[in-house]
Amino acid sequence: MHALPLMITVLCVLAIAYRTYSAFLAAKVCVLDDLRKTPAHEFRDGQNYHPTHRWVLFGHHFAAISGAGPLIGPVLAAQFGYLPGLLWLLVGVVLAGAVQDFVVLVASVRHQGKSLAEIIQKELGPVAGFAAGIAVLFVLIIALAGLGLVVVNALSESAWGTFTIAMTIPIAFFMGLYAYVLRPGKLGEATCFGVVALLIAVVAGGEIAHSQWASVFSLNKNQLTLAIMLYGFAASVLPVWLLLCPRDYLSSFLKIGTIAFLVIGVILVNPQLRLPPLTEFIHGGGPIISGKVFPFVFITIMCGAVSGFHALVASGTTPKMVGQESHCRMIGYGAMLIEGLVGIVALIAVSSLHPGDYFAINVSAEQQKELQLMGYHLEELPVLEQEVQEKVQGRTGGAVSLAIGMAKIFSRIPGLSGFLAYWYHFCIMFEALFILTTIDTGTRIARFVMQEFLGKIDRRFARADWLPGSVLTSFLTVAAWGYFIYTGNIGTIWPMFGIANQLLAVIALLASTLVIRSWGSPKYQWVTFLPMCFVLLTTAAGAWELSKNTFIPWITSANGLEVARGCIDLALTLLLWSCFAVIASFAFRKVILKHVRKAVHDT
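Because the structure is a prediction, the values reported are computed rather than measured.

Peer 1: Explain empty space enclosed by the protein here, please?
Peer 2: In this approach a probe as big as a water molecule rolls over the atoms, and the regions it shows empty are the leftover space. Taken as a whole and assessed by the stated rule, the structure comprises two cavities of 30 Å³ or more. Taken as a whole, the largest cavity holds about 40 Å³ of empty space. Along its surface, the largest cavity is lined by V103, V104, A107, L116, I119, A511, S512 and V515. Looking at the lining of the largest cavity, the elements with two or more residues in it are α5 (82–109), α6 (116–124) and α22 (490–518). For the lining of the largest cavity, the per-class residue count stands at seven nonpolar, one polar and no charged.

Peer 1: Mind showing me how you'd approach unusual backbone geometry here?
Peer 2: Glycine aside, the phi torsion of most residues is negative, and most peptide linkages are trans. The linkage connecting F294 with the following residue, P295, adopts the cis geometry, with an omega of 15°. Mapped onto the elements, P295 comes out in helix α13 (residues 293–300). Positioned with a positive phi, V31 is a non-glycine residue whose angle comes to about 50°. Position of V31 relative to the elements: it lies in the loop between α1 (4–29) and α2 (39–42).

Peer 1: Could you clarify how one ought to interpret the side chain of H61 in this entry?
Peer 2: Locating H61 in the fold gives a position in helix α3 (residues 54–65). Look at H61 and you get buried, because its relative accessible area is 0%. One polar contact links H61 to T318, side chain to side chain, over a distance of 2.9 Å. Apart from the residues within four sequence positions on either side, H61 is in contact with V313, A314, T318, I331 and A335.

Peer 1: What should I look at first to understand the packing of aromatic side chains in this one?
Peer 2: Two numbers describe a pair of aromatic rings. These are the distance of the centres and the angle of the planes. Scanning all chains against the criterion turns up 24 aromatic pairs. Between the aromatic rings of Y21 and F24, the centroid separation amounts to 6.0 Å while the plane-to-plane angle is 15°, which identifies the pairing as stacked. One end of the pair, Y21, and the other, F24, are both in helix α1, three residues apart, so they sit about a helical turn from each other. Overall, F24 belongs to the partly exposed group, its relative accessible area being 23%. Here the aromatic rings of F298 and F534 are separated by 5.3 Å at their centres, their planes lie at 85°, and the arrangement is edge-to-face. One end of the pair, F298, is in helix α13; the other, F534, is in helix α23 (residues 526–555), with 236 residues separating them in the sequence. With a relative accessible area of 14%, F298 lands in the buried category.

Peer 1: Please explain the nonpolar core as it appears in this structure.
Peer 2: Side chains that are nonpolar tend, in soluble globular proteins, to be buried together. Counting 190 residues, the largest nonpolar core has L116, I120, Y333, Y424 and W481 as the members making the most contacts within it. Top element by residues in this core is helix α7 (residues 126–155). It accounts for 21 residues. Excluding residues that lie within four positions of it along the chain, Y424 makes contacts with V388, E390, V392, V400, A403, I404 and A407.

Peer 1: Please explain the pattern of salt bridges as it appears in this structure.
Peer 2: Two side chains carrying opposite charge are able to pair once their charged atoms lie near each other. Applying the stated rule across the entire model yields six salt bridges. Notably, a salt bridge pairs R110 with E325, separated by 3.0 Å at the nearest N-O pair. Of the two residues, R110 is situated in the loop between α5 and α6 and E325 in the loop between α14 (308–314) and α15 (327–351); the sequence distance between them amounts to 215 residues. Between K408 and E380 there is a salt bridge whose closest N-O contact spans 2.6 Å.

Peer 1: I tried to follow the side chain of T258 on my own but got confused; where do I start?
Peer 2: With respect to the secondary-structure elements, T258 resides in helix α12 (residues 240–269). Contact partners of T258, with chain neighbours within four places excluded, come to F253, M406, F410, F426 and F430.

Peer 1: It is not clear to me how a nonpolar patch on the surface should be interpreted in this structure. Could you clarify?
Peer 2: Side chains of F174, L177, Y180, V181, L182 and F193 sit close together on the surface and give an oily, nonpolar patch of about 520 Å² of accessible area. Among the elements that line the nonpolar patch, the one with the most residues is helix α8 (residues 159–182), at five residues. On the basis of relative accessibility, which here comes to 35%, the residue F193 falls in the partly exposed class.

Peer 1: Just to check I follow, could you spell out the packing of α7 against helix α11 (residues 221–237) for this structure?
Peer 2: When two helices pack together, their arrangement is captured by the angle between the axes and the distance separating the axes. The N-to-C vectors of α7 and α11 enclose an angle of 135°; their axes lie 9 Å apart at closest approach. Between α7 and α11, the angle falls in the class oblique. As α7 packs across α11, the resulting crossing turns out to be right-handed. Each of G148, V151, V152, N153 and L155 in α7 lies in contact with α11, whose residues at this interface are K221, L224, T225 and I228.

What counts, and where the lines are drawn
- Residues numbered from 1 in each chain as written.
- Predicted model: local features only at pLDDT ≥ 70, side-chain atom pairs only at ≥ 80, totals over all residues.
- Heavy atoms only, no water.
- 1 Å grid on protein atoms, 1.4 Å probe; cavity = no way out; pocket = protein on both sides within 12 Å on 5 of 7 lines; lining within 4 Å.
- Points joined across faces, edges and corners; volume = space filled by probe spheres on them.
- Helix = DSSP H or I, 4+ residues; strand = E, 2+ residues; numbered from the N terminus.
- Nonpolar A, V, L, I, M, F, W, Y, C, P; charged D, E, K, R; others polar.
- Buried < 20%, exposed > 50% of the residue type's maximum accessible area, 1.4 Å probe, protein only.
- Polar contact = N/O pair within 3.5 Å; in protein donor to acceptor, adjacent residues only side chain to side chain.
- Contact = heavy atoms within 4.5 Å.
- Phe/Tyr/Trp six-rings, centres within 6.5 Å; stacked < 30°, edge-to-face > 60°.
- Core = buried A, V, L, I, M, F, W, Y, C linked by side-chain atoms within 4.5 Å.
- Salt bridge = Lys/Arg side-chain N within 4 Å of Asp/Glu carboxyl O.
- Patch = residues over 30% accessible without salt bridge, like charges linked within 9 Å, V, L, I, M, F, W, Y side chains within 5 Å.
- Areas by Shrake-Rupley, 256 points an atom, 1.4 Å probe, with all protein chains shown as cover.
- Axes fitted to C-alpha atoms, helices over the stretch in contact; angles between N-to-C directions.
- Parallel < 35°, antiparallel > 145°, perpendicular 65-115°, else oblique.
- Left-handed = near helix turned anticlockwise from the far one by under 90°.

Pasting the structure below:
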């Protein structure tokens with residue numbers, strides 16, 4: 001099958017969803033009102049609370065939520081064929097993911113920019129709020145570790161990619177200083193400089209990779225981990241306008257521009273989808289994901305369809321910068337639709353690879369030999385490795401196979417052939433920017449959550465502008481996710497991330513349902529309650545399968561490292577489900593008591 005009919009259908013569905021369903025949510029469910037004063041104006045401090053132009057904030061929010069999930073999840077789930085992932089991405093983003101992001105963003109704006117845990121505490125009390133805070137903090141740490149590990153795997157020993165990513169930091173610094181200090185309000189001028197400088201950095205990276213400077217930027221995995229940790233710490237502590245906002249804004253141009261270009265490329269090239277709609281691995285036993293298509297396609301594909309991590313961004317940095325309530329529709333619902341599109345085009349790009357080439361990149365050498373016996377042989381990959389000037393076989397994690405698929409499509413656009421190496425490294429930079437912008441925002445959000453916890457012990461920590469508290473909590477956060485990167489791998493971190501992230505989505509959808517009821521719109525609570533029930537079902541099934549088939553066998557193995565991993569993963573899974581059980585019980589109690597009181601009053 002060719003990709004063009006799918007691409008046209010997807011674009012039409014997303015456009016109709018934004019025009020109709022998001023308008024219904026804005027007018028009937030959330031009842032947006034620009035007369036309400038937002039936290040950005042009420043608590044303006046120039047550090048965290050800062051009214052931001054809606055397009056800049058859209059860029060920041062989209063950059064923050066669009067991490068590895070919409071890129072890596074669909075690529076790994078392509079093991080089952082392209083059809084299961086495509087259906088989940090399209091239906092999930094319209095009816096679940098975008099709804100969650102939108103409602104949580106509005107709820108946080110109306111709760112003084114507070115986090116999801118604080119919103120739950122206000123709705124259900126301190127015990128439920130504490131349980132939510134534990135779940136939120138844990139998910140953030142695991143998410144940042146999983147995302148960081150993907151960057152490390154993609155940029156390891158790659159001077160070209162590392163140089164390009166490194167250059168985005170001074171470019172962002174200059175943009176922030178230019179737009180807020182040197183030429184206040186001249187955002188267009190800063191944008192032009194940033195985009196041009198970024199493209200120059202991509203081209204210059206090729207020259208650096210073949211110069212005496214190559215050794216400086218050719219970092220191993222441990223060195224890259226340390227560099228990412230230092231960046232995450234700096235982005236968390238510095239004022240949002242100096243590094244976080246301009247870098248995310250710059251990244252959003254690259255992200256949205258690249259996705260738009262890829263959509264155009266798919267339409268012009270109309271690549272053939274060489275992966276089948278369904279593979280024999282839908283029944284389990286796959287080389288990348290060992291479980292069956294249900295429930296693991298829903299666990300593997302997270303951010304492109306529905307993601308609990310998004311609820312943390314929507315109740316983290318973004319609500320503190322919203323200028324008017326009406327902006328929440330475009331930022332909350334609209335940004336999530338674009339992320340769903342990201343996941344779909346990523347799935348199309350990787351599905352254009354030959355099955356043997358796809359598996360050769362995403363599995364180890366030992367697994368590749370087994371797949372060859374099953375008939376999965378190399379097709380174009382040896383030639384592609386020569387053209388991109390990198391060894392790509394065995395580069396697990398999904399990022400490299402996606403970059404190869406995207407580069408192939410770009411190089412087949414009329415007039416753009418013959419630059420496959422540049423396209424490949426451009427795509428690697430594109431993916432790394434996706435992930436790093438989630439790492440910087442995620443670290444800052446984790447800092448906020450940790451400060452809320454410590455603020456109950458020492459009130460100074462509750463102040464987001466107290467520098468010692470910001471430094472200490474940022475250091476603890478970075479140290480935690482950095483440890484998991486040092487000691488883990490994609491096979492241990494990603495499954496745990498999937499379960500934790502989707503369970504947090506269940507908690508966020510439950511909180512959204514309660515908030516909708518508190519707004520006096522109980523007849524519309526189905527918009528979040530029904531998606532919550534479905535995600536709860538798939539997440540529970542996935543947690544059970546992972547515990548039974550992965551975590552418990554690790555615990556009972558003779559390998560000490562596997563025993564430790566199994567114990568940690570199983571314990572954390574049980575901890576998360578315990579937190580959810582506490583929150584759900586308080587929610588059930590609140591709803592039942594309200595009905596009982598109403599019945600008594602009526603009688």
